[in-house]
Each structure stands twice: as C-alpha cells, then as structure tokens.
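Descriptive structure summary
So you can see what is in the structure, the chains are spelled out below.
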Amino acid sequence: HSDDNQKSSKLKRKSKAALITQSFAPTSGSGRIFIGFRTSQTTGLGVHLAAPLVPTVEREAIDFVDPALRDFNSELLEVSGILMRLALENEMYRLGTNWNWKEEREAWEAQREDRKKQQKEEEEEKKLETDDVESTKDSSDDKSSISSSLYSF
C-alpha cells in the first residue's frame, strides 16, 4: 500500500508541476492573451501576451467592436507582434553565434551514415541467411529425390 501511495503522490506532484509550468510556458499554439487576467482569446503561438489592451464591458475579451478601441487594440497587438518577432530573431541570432552548429551537423551526418551502413549490412546478412536456408532446402530435396530413385530399382 505504501508503494501505491508514493506513486500516486508522485503523479499528483508531477501533474501539479506540469500545470504550474504550463501556466507560464505554454505549448505551441496554446498561448493566451492577458488583460490583467487570462482571457479566452489565444495568441496562436507558444507564448502568452500580457498588454494593457482594452477589454469588452464583460472583461472577457479584447474590444474590437468600438471603432476607437478597435484601432487602439489593433495597433497595440501589431506593436506586440513586432516586439515578439524582434525578440525571437535576437534570441535565434544569439543561439546561432553561441552554438557551433557546423560541427554538430557533421557529427550528426556521420552518425546517420553509420546507421545506414549498419542497416545495409544487416539486410545483406539476412539475405545471405535466407539464401543459405533455401540452398540447404534445395540440396535436401535433391538427396531425397536421389534416394527415392534408388528405391525404385
């Protein structure tokens, strides 16, 4: 019973940790828009957006109905998108300068070639084994036909 209790408590802790992590690090396509609190609207990306957007009267979504608020919210979303893109490009550049991708790529390609060679060798071995089995079978058939012909005299 104690093992079952430990396993269930680990699963509960793991699921709690996953929920907490998901709240600030969403999976791809599940980012939310925050207007001081979470709304039902999503970003469509793996990032959350928290900005001083103007919500509807119900405070459930961004207001795109009122013409003035639509302009304000649209412009703010556009600027937010540009900032996200700049931040992403900056991080990708930083990763590119810090990561020596050429050596890793060459090592990866060498491993890939080794795997291909191993697969070819394994296929050739299997083919040889099946050929040996068939040749053994053929030779045993020949022996039986010879012995049966001896009995026919």
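1. Details of the confidence of the model for the protein
- Mean pLDDT for the protein: 79, with 76% of residues reaching 70 or above.
- Averaged pLDDT values for the elements of the protein fall to 66 in helix α1 (residues 2–24) and rise to 89 in helix α2 (residues 67–98).

2. Side note on the sheet that holds strand β3 (residues 49–50)
- Overall, mixed pairing links the 3 strands, which are arranged β2-β1-β3 in an open sheet. Pairing within the sheet leaves two strands with one partner each, and these edge strands are β2 (38–42) and β3.

3. Quick word on the nonpolar core
- In terms of nonpolar packing, the biggest core is built from 7 residues, these being Ile33, Ile35, Leu49, Ala51, Leu53, Ile62 and Leu76.
- Ignoring any residue separated from it by four or fewer positions in sequence, one finds leucine 76 in contact with Ala51, Pro52 and Leu53.

4. Topic: a nonpolar patch on the surface
- Together, Val79, Ile82, Leu83 and Leu86 line one region of the surface with nonpolar side chains, adding up to about 370 Å² of accessible area.
- Mapped onto the fold, leucine 83 is located in helix α2.

Here is what the cut-offs are and how they apply
Residues numbered from 1 in each chain as written. Predicted model: local features only at pLDDT ≥ 70, side-chain atom pairs only at ≥ 80, totals over all residues. Heavy atoms only, no water. pLDDT = per-residue confidence, 0-100. Helix = DSSP H or I, 4+ residues; strand = E, 2+ residues; numbered from the N terminus. Pairing = 2+ DSSP bridges. Core = buried A, V, L, I, M, F, W, Y, C linked by side-chain atoms within 4.5 Å. Buried < 20%, exposed > 50% of the residue type's maximum accessible area, 1.4 Å probe, protein only. Contact = heavy atoms within 4.5 Å. Patch = residues over 30% accessible without salt bridge, like charges linked within 9 Å, V, L, I, M, F, W, Y side chains within 5 Å. Areas by Shrake-Rupley, 256 points an atom, 1.4 Å probe, with all protein chains shown as cover. Salt bridge = Lys/Arg side-chain N within 4 Å of Asp/Glu carboxyl O.

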